[in-house]
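# Chain and residue survey
Residue strings, one per chain:
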Amino acid sequence: MDIQLNQVKMGDGKAVEAKADEKIVEDFNPPKKPKKNKYAFACAILASMTSILLGYDIGVMSGAAIYIKRDLKVTDVQIEILMGIINLYSLVGSCLAGRTSDWIGRRYTIVLAGAIFFAGAILMGFSPNYSFLMFGRFIAGIGIGYALMIAPVYTAEVSPASSRGFLTSFPEVFINGGILLGYISNFAFSKLTLKLGWRLMLGIGAVPSVLLAVGVLAMPESPRWLVMRGRLGDAIIVLNKTSDSKEEAQLRLAEIKEAAGIPESCNDDVVQVPKQNTGEGVWKQLFIYPTPAIRHIVIAALGIHFFQQASGVDAVVLYSPRIFEKAGITNDTDKLLATVAVGFTKTIFILVATFMLDRVGRRPLLLTSVGGIVLSLLTLAVSLTIIDNSEKKLIWAVGLSIAMVLSSVATFSIGAGPITWVYSTEIFPLRLRAQGCAMGVVVNRVTSGVISMTFLSLSKGITIGGAFFLYGGIAIAGWIFFYFMLPETRGKTLEEMEGSFGKFKVKSNNNKERR
C-alpha cells in the first residue's frame, strides 16, 4: 500500500510538473488575435452596398456627359450644373435621413434609399430632354442623400471596436466600386447609337438598388437604435452576434444603455426610454449650447467633410475625360479607357486602406494621404500648365499628367476618402449621431456640388492648371487642420469617444476629459 501510494504521489508530481511546463510554454506564445466577426462583416457589406448608388452616378456621368452634350445640344455650363446639381439635391435626402432613421430604423431607411434611387435611375434612362433629365437627377439625388448618411451610421453601430475602422470604411469601398462600374458602363455602351447609349448608361443604375432592397432583408436592426427604442432583448441578441465575445456584448450594451439614459440595473426585454434621449433637442445640443467636447466634435466632423471635397477630388473623377483631353488624348475610346484606369486605381487603393485603418490608425493614414494629394495636385497643375503653354505635344508632360491623376485618386482613396466617413461617424455620441452625421453629409455634398458645378468655368477663367493649383492650396490648409484638430480614435468604443475631444490639442495629458 505504501509503495502504491508513493507511486501515485510521484505520478501526481510528474503531472503537476508537466502542467507547469505547459503553462510556461504557453506564457511564451503570443496571444491569439480575435478573428474578424463574420456576421458583423456580412452586415457591413449589405449596408455599405447603398454607397454603390452614389459611386455609379459619379462614374457614369463623367462619360455620359460627352454624349448628353452632343445629343441634347447643351452648353458646358449646363453640363457642369447637370453633373454637380445631384450633390445639392442629395441634401434633401440627407436632411430627412437623420430623423427618418430614428423613426423607422436604420435598416428600413436603407430600403427607402434604394427605392428612391431606383425611381430616379428609371426617369433618367427615359429622359427625352434636359429638363426631364434634371428632374430624374433630383429624385436620384434624394436617394443618394439617404444612402450617404445611413450606410456609415448603421455599419458603425453594428461593428465591434476591434474592427470598426475596417468595417466602417466599406461605404467608401463601394463608392469606389460604383465609380468603376460607371466607367465600365460608359465604355460598354459608348458604341451604341447616340440617343440610346447615354440613356442606357444612366438607366441601368437601377439594377444595384433592386439587389440592395433584397439583400437588406437579411440584416438585423442596429443594436443602438433598438436600445433607443427600449428593446433591450432584441439589442442583446444582435450584440451577441456582432461582438467578438459575450463579455464584449454585455459591455457594449451597458455603454449604450448609459448613453441612452437607461439605468444599468434595468434588464427587462422592453423598457421605457427617457424622452430627452430619443432625438429631441439634438440641434440645440449641437449648435446653441454644446459642451467643449461636442463643439470640438462638430468642428472636426464638418472640417473633415469640407476639406475632403474642397481639395478637388470630384473634379478629377467627374472630369477626368476633360483632363485627359487637355493632356493630349483626343479619341473618345482612349479617354474612356483612361477613366477606367482611374476607377481601377481608386478601387485597388481603397481596398488597401480598409486593412490599414485599424492597424495604422486614423491620424497617420489621413495625414500621409493628404500629403500625397498635395504633391499630386501641384505636380498635375505644373504639367498641365506646361502643356497649355507649349506649341508642340510633350509626351513626358502628357505621361506625367496621367500619372498624377492616378496618383491623386490613389492617395485620396488610401486615407482621406474612407477616413472621412469612418471618423465623422464614430466621433458623435449616440444621442447626436444620426443628426450629426447628416450634417456632415450636407457639408460634404454642398462642397462637392460647388466643386463639380464650377470646374469647367474655373478652368476657363484661371486655366486648368490654375484650378489644380487652387485645389492643392486648399489641400495644404486641410493638412494643417487635420494635424491640430483631429485626435486619434482607433480602438476606442463609440461611447467613450467623447472624452478625446474638447482640448483642441494633438496631445494633452494635463487637461481633464470634458463630457
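This one's a predicted model, so the numbers in the text were calculated from it and none came from an experiment.

At Lys-73, a residue that is not glycine, the phi angle is positive and equals roughly 55°. Tracing the sequence through the fold places Lys-73 in the loop between helix H3 (52-72) and helix H4 (76-104). Owing to a relative accessible area of 67%, Lys-73 belongs among the exposed residues under this scheme. One non-glycine residue, Thr-463, lies in positive phi territory at about 75°. Relative to the assigned elements, Thr-463 resides in helix H21 (residues 433-485).

Our focus in this paragraph is the confidence of the model for the protein chain. The predicted model of the protein chain has a mean per-residue pLDDT of 81, with 88% of residues at 70 or higher. Throughout residues 14-33 the model reports pLDDT below 50, and contacts reaching past four residues in sequence, or to other chains, amount to zero contacts. This model gives residues 506-515 a pLDDT under 50, and the stretch forms 18 contacts once residues within four places in sequence are excluded.

Taken together, the side chains of Leu-181, Ile-184, Phe-344, Ile-348, Phe-349 and Val-352 define a hydrophobic patch exposed on the protein surface, amounting to about 500 Å² of accessible area. Looking at the nonpolar patch, the elements with two or more residues in it are helix H8 (170-189) and helix H18 (332-360). For the nonpolar patch, the element with the most residues is H18, which contributes four residues. Inspection of the secondary structure assignment puts Ile-348 in helix H18.

Counting 125 residues, the largest nonpolar core has Ile-68, Phe-428, Phe-455 and Phe-468 as the members making the most contacts within it. Top element by residues in this core is H21. It accounts for 16 residues. For this core, the two domains that each supply at least three residues are domain 1 (36-271) and domain 2 (281-501). Formed by 18 residues, the second largest nonpolar core is a distinct cluster that contains Leu-239, Ala-249, Leu-253 and Ile-256.

This brings us to the environment of Thr-411. Mapped onto the secondary structure, Thr-411 falls in helix H20 (residues 395-426). For the pair Thr-411 and Lys-346, spaced 65 residues apart in sequence, the C-alpha separation works out to 8.7 Å. Beyond its immediate stretch of four places on either side in the chain, Thr-411 contacts Ser-369, Gly-372, Ile-373, Ser-376 and Ala-416. Reaching out from Thr-411, the side chain makes a polar contact with the backbone oxygen of Ser-407 at a distance of 2.9 Å. A distance of 3.2 Å separates the side chain of Thr-411 from the backbone oxygen of Ser-408, its partner in a polar contact.

Criteria and cut-off values
- Residues numbered from 1 in each chain as written.
- Predicted model: local features only at pLDDT ≥ 70, side-chain atom pairs only at ≥ 80, totals over all residues.
- Heavy atoms only, no water.
- Helix = DSSP H or I, 4+ residues; strand = E, 2+ residues; numbered from the N terminus.
- Buried < 20%, exposed > 50% of the residue type's maximum accessible area, 1.4 Å probe, protein only.
- pLDDT = per-residue confidence, 0-100.
- Contact = heavy atoms within 4.5 Å.
- Patch = residues over 30% accessible without salt bridge, like charges linked within 9 Å, V, L, I, M, F, W, Y side chains within 5 Å.
- Areas by Shrake-Rupley, 256 points an atom, 1.4 Å probe, with all protein chains shown as cover.
- Salt bridge = Lys/Arg side-chain N within 4 Å of Asp/Glu carboxyl O.
- Core = buried A, V, L, I, M, F, W, Y, C linked by side-chain atoms within 4.5 Å.
- Domains from an automatic or database assignment.
- Polar contact = N/O pair within 3.5 Å; in protein donor to acceptor, adjacent residues only side chain to side chain.

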